[in-house]
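Overview (structure and organization)
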Amino acid sequence: MHILITGSAGFITSHLVEYILSQGHTVTGIDNYITGSEKNIKDALKNPSFRFIEHDILTFDYSTIAEPVDIVFHMASPASPIQYKKHPIETLQANSVGTKQALDFATEKNAVLVYASTSEVYGDPLVHPQVEWYWGNVNPNGVRSCYDEAKRFGEAMCMTYVRTKKTKVRIARIFNTYGPRMDINDGRVVSNFIVQALKKEPITIYGTGEQTRSFCYVSDLVLGLWALATKELNAGEVINLGNPNEMTIKEIANKVRAATESTSDLIQKAIDLDDPLKRKPDISKAKELLGWEPTVVIEEGLRKTIDYFKTIL
Ligand code: UDP
C-alpha cells in the first residue's frame, strides 16, 4: 500500500512511519519541521520506500502526488501545550484548512483518512473515564482553545465529509503518549520529569499534582493507529486510543524518580488555567472494533524512554 502522512517528522508520526515501512509499504511524508525534526526520521530517510517532502501542508500542492494512495494519516499539528501555545494560529490552521485539504485529497483518491484528534476534545471532563459519546467540557476561548477547539473543528469537518462526500474517515482520539523522541523542549510531563531527574534538578509539579493522566507507550499507540486505518469499519468511526492506566502527576513523578534512581526533590509550580483535573480513556470500543489494547506497562515504557533521554543529554 501507499500511505501519505502529514506531519511525518513528529514524535508519534516518526514511529508510525517506521512501523509502516517495516510492514513493507511505501510512505510519503510531509512536514515543515515546525515542531517535528529531521533527527526523528533520519533512519527512515535511508529507506527507499520513504519519500519525504519538506513543506507546509497549507500551501502543499496535493496534485503533485499522482500515484494511488490507500491511506492518509492527517497528523500535522503542534500537539504539546507549550508548542500549541507558541504556534496558536498554525495549530488552528493545520486542523481546519489543513484537514479540509487532506480530506479533499483522500476523497479524490478514494483513500481511508485517519484524523489525529485528541483527548483534549473532552476538555476538563465531567464524565470519567472518557467514553466516545461524551461531548466534552471545553472552554471555547481559553488558553487551550487554539488546540482543543481546532481538533473539535477538525472532527466536525471530517464528519461533514463523511455525510456529504462519503469520505472513508476514521477519527483517533489520542490520549497522552510517551516514549523515545519526545521533544526535550515541548514541556510534556514525562519528558520534563525524566530530564529533570537525570540532570538532578528539582521535579516541577504544576498545582497539587493530584490531577491525573493515563500514559500510553508510543509503540502501543502506533499499533492502535494502524488497526484503525486498516480494519473494516464504518466511515466516521471515532475511537479513543490510549492506556487506561490512570495515575496522579505525583505518582508519575515518583515512578520516574524510582526508575532513574534520582534524588531530585519535587517542587510545586503554578498550574495553567484550564489544565484538566483528570483524564482516562474508556477503550472498550477500541478493544471491540480493533481488537487492540496497550500491552507495554509503565515501568517498561519509562525504562525505554529514560534510556533514550540518556543518549541525548
Ligand atoms: N505537568 C507538571 N509538570 C511539568 C509538566 C506538566 O506537573 O513539568 C502537568 C500538567 O500541569 C498536566 C499534566 O502534567 O496536569 C500533563 O501535562 P502535559 O503537558 O504532559 O500534557 P496535557 O495532558 O496537559 O496535554
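Not measured: the values here are computed from a predicted model.

Observations concerning the overall build of the chain
- Counting secondary structure elements, the chain contains ten helices and 13 strands.
- In terms of C-alpha radius of gyration, the chain reaches 19 Å, essentially the compact-globule figure of 20 Å for 313 residues.
- Principal-axis analysis of the C-alpha atoms places the extent of the chain at approximately 55 × 45 × 35 Å.
- In the chain, which comprises 313 residues, the proportion classed as buried is 55%.
- Long-range contacts, defined as pairs at least 24 residues apart, comprise 80% of the intrachain contacts of the chain with a sequence gap of at least 6.
- Looking at the chain as shown, the accessible area adds up to about 13,500 Å², and 52% of this sits on carbon and sulfur atoms.
- Taken as two groups, the 35 positive and 38 negative side-chain charges of the chain have centres that lie 1 Å from each other.

A closer look at the site of the ligand
- Near the ligand there are 17 residues, and of these Thr204, Tyr206, Arg213, Asp275 and Arg279 occur at the shortest range.
- A distance of 3.2 Å separates an oxygen atom of the ligand from a polar side-chain atom of glutamate 120.
- Within the side chain of arginine 144, one N or O atom sits 3.0 Å away from an oxygen atom of the ligand.
- For the ligand, whose unbound accessible area comes to 520 Å², protein coverage reaches 96%.
- Among the elements of the structure, helix H6 (189-198) and strand E8 (203-206) are those that each provide at least two residues to the shell around the ligand.
- Class assignment for the residues of the shell around the ligand results in six nonpolar, five polar and six charged.

Some thoughts on the sheet that holds strand E3 (residues 50-54)
- If you walk across this open sheet you meet the seven strands as E3-E2-E1-E4-E5-E6-E11, and the pairing is parallel. For this open sheet the edge positions go to E3 and strand E11 (237-241), each flanked by a neighbour on one side alone. Averaged over neighbouring strand pairs, the angle between their axes works out to 20° when direction is ignored.
- As paired strands, strand E2 (residues 26-31) and E3 are joined by five bridges and run parallel to one another. Residue pairing across strands places threonine 28 opposite arginine 51, the latter belonging to E3.
- Here helix H1 (residues 11-22) sits on the sheet in contact with strand E1 (2-6), E2, E3, strand E4 (71-74) and strand E6 (168-174), set at roughly 175° to E1.
- In the packing of helix H7 (residues 218-230) onto the sheet, the strands contacted are E1, E4, strand E5 (112-118), E6 and E11, and the crossing angle to E6 comes to about 160°.

Regarding the state of the cysteines
- Scanning the model with the defined rule gives zero disulfides in all.
- Unpaired in terms of disulfides, cysteine 158 finds its nearest cysteine sulfur in cysteine 146, a separation of 19 Å.

Details of the packing of aromatic side chains
- The final tally for this structure, using the stated rule, is eleven aromatic pairs.
- Relative to phenylalanine 52, the ring of phenylalanine 50 lies with its centre 6.2 Å away and its plane at 40°, an arrangement referred to as tilted.
- The class of phenylalanine 50 is buried, set by a relative accessible area of 7%.
- Directly above the ring of tyrosine 161 sits lysine 165, whose terminal nitrogen or CZ lies 5.4 Å from the centroid.

What to know about the packing of H6 against helix H8 (residues 249-260)
- For the pair H6 and H8, interaxial distance at closest approach is 9 Å and the crossing angle is 40°. Taken together, the axis directions place H6 and H8 in an arrangement best described as oblique. The element H6 and its partner H8 pack so that their crossing is right-handed. Judged by residue contacts, Val189, Phe193, Ile194, Ala197 and Leu198 of H6 engage Ile249, Ile252, Ala253, Val256 and Thr260 from H8.
- Partitioning the contact of H6 with H8 into residue classes produces nine nonpolar, one polar and no charged.

Remarks on the environment of arginine 303
- Position of arginine 303 among the secondary structure elements: in helix H10 (residues 298-312).
- Take arginine 303: its relative accessible area is 46%, and that puts it in the partly exposed class.
- Along the chain, arginine 303 and threonine 260 lie 43 residues apart, while their C-alpha atoms are 8.4 Å from each other.

How each quantity is defined
Residues numbered from 1 in each chain as written. Predicted model: local features only at pLDDT ≥ 70, side-chain atom pairs only at ≥ 80, totals over all residues. Heavy atoms only, no water. Helix = DSSP H or I, 4+ residues; strand = E, 2+ residues; numbered from the N terminus. Rg over C-alpha atoms; globule rule 2.2 N^0.38 Å. Buried < 20%, exposed > 50% of the residue type's maximum accessible area, 1.4 Å probe, protein only. Contact = heavy atoms within 4.5 Å. Areas by Shrake-Rupley, 256 points an atom, 1.4 Å probe, with all protein chains shown as cover. Lys, Arg positive; Asp, Glu negative; His and termini not counted. Charge placed at Lys NZ, Arg CZ, Asp CG, Glu CD. Near = heavy atom within 4 Å. Polar contact = N/O pair within 3.5 Å; in protein donor to acceptor, adjacent residues only side chain to side chain. Nonpolar A, V, L, I, M, F, W, Y, C, P; charged D, E, K, R; others polar. Pairing = 2+ DSSP bridges. Axes fitted to C-alpha atoms, helices over the stretch in contact; angles between N-to-C directions. Disulfide = S-S within 2.5 Å. Phe/Tyr/Trp six-rings, centres within 6.5 Å; stacked < 30°, edge-to-face > 60°. Lys NZ or Arg CZ within 6 Å of the ring centre and 35° of its normal. Parallel < 35°, antiparallel > 145°, perpendicular 65-115°, else oblique. Left-handed = near helix turned anticlockwise from the far one by under 90°.

Without other data, these values stay purely geometric and don't point to any function.
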